[in-house]
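Fold and geometry: a report
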Amino acid sequence: MINTMGKRAFSIALILSTLSACSSKPEQKEIERVPNKSAQALYLDAKQTLDSGLYVRAIELLSAIDSRYPFGPMSKQVQMDLIFAYYQSNNVAQSLANIDRFVRLNPNHKDLDYMYYMRGLVNIKADENAFQEYFGVDRADRDPKKTREAFKDLSTLVKRFPQSHYTPEAKKRLGWLLNKMARYEIKVADYYYEREAYLAAANRGKYVVEHFSQSSYTNEALEMMVKSYDKLGLTDLSKNAQSTLNLNK
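Residues numbered from 1 in each chain as written. Predicted model: local features only at pLDDT ≥ 70, side-chain atom pairs only at ≥ 80, totals over all residues. Heavy atoms only, no water.

For the structure on display, the rule yields eleven salt bridges. Taking the shortest distance from any N to any O, the salt bridge between D153 and R119 comes out at 3.3 Å. Remark: R119 occurs in helix α7 (residues 112-126) and D153 occurs in helix α9 (residues 145-160); sequence separation between them is 34 residues. Here the two residues D153 and R119 agree in accessibility, since each one is buried. The salt bridge involving K146 is made with E149; its shortest N-O contact spans 3.5 Å. Placement of both K146 and E149 in helix α9 is noted, with a separation of three residues, approximately one turn of the helix. We classify E149 as partly exposed; its relative accessible area is 23%. Connected through salt bridges with shared partners, the residues D100, R119 and D153 form a single ionic network. (Salt bridge = Lys/Arg side-chain N within 4 Å of Asp/Glu carboxyl O. Helix = DSSP H or I, 4+ residues; strand = E, 2+ residues; numbered from the N terminus. Buried < 20%, exposed > 50% of the residue type's maximum accessible area, 1.4 Å probe, protein only.)

Below, the discussion takes up the confidence of the model for the protein chain. Looking at the protein chain as a whole, its pLDDT mean stands at 86, while 80% of the residues score no less than 70. When the criterion is pLDDT under 50, residues 1-23 qualifies, and its contacts beyond four places in sequence or with other chains add up to 15 contacts. (pLDDT = per-residue confidence, 0-100. Contact = heavy atoms within 4.5 Å.)

Take the packing of aromatic side chains next. A complete count under the given rule lists six aromatic pairs for this structure. Ring centres of Y116 and F161 lie 6.4 Å apart, and the angle between their planes is 35°; this geometry places the pair in the tilted category. With a gap of 45 residues between them, Y116 in helix α7 and F161 in the loop between α9 and α10 (167-194) connect regions that are remote in the sequence. Looking at Y116, the relative accessible area reads 14%, which means it is buried. On the basis of relative accessible area, F161 is assigned to the partly exposed category, the value being 21%. Connected via pairs of aromatic rings, a cluster forms that spans Y114, Y117 and Y166. Note that K227 overlies the ring of Y193, its terminal NZ or CZ placed 4.5 Å from the centroid. (Phe/Tyr/Trp six-rings, centres within 6.5 Å; stacked < 30°, edge-to-face > 60°. Lys NZ or Arg CZ within 6 Å of the ring centre and 35° of its normal.)

If you want it as structure tokens, here you go:
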């Protein structure tokens, strides 16, 4: 019988093997092993493979098409499918690289809105951590660099393509990302307050109020400002923050 520690070690090994299996771009020899078919026939195989959720194999097939027929009539669709396959296989680096290449070479493409949407999703995924999610670790105190990038990507989509099919979903995700960034600032403020760095704590609270006023953490930020200013003896600033807090309740 496998004990608890053994089960956990086995799970870690399984995660590692899964990530390593889909973490790199296909080697040239793997692409060369793809059957020598027409672009249309290969794409049909790739599409069926992609729809079946066999993303690693789909990447091999799509990469072969992209390599053999870079200027074919379906080249742009192949590139977009390849981005999706990399995303689904958790290869965020290759997905981002392909998105940036597509946007750079096709600044006026009709599916540019989809590229910004996918870039936002990929950056969200890049911020995830399989091990910390598995062990239930709170990651709110991590630097949300990729979260900020995702917010920028989806904001660009909403502003540039308000009528896009992807805009409603992007708006929902923007609200979630806003709360995530605000929560990070509150965590940092708590860290400073616990170490008696009251001015730094107050400034973090002020930052949330000024930049994330639409988040659900505004009142917590104001409370942080009130108690931090009290500790600093800044009575007027504390009263002002309290008055704003009272209006929000």
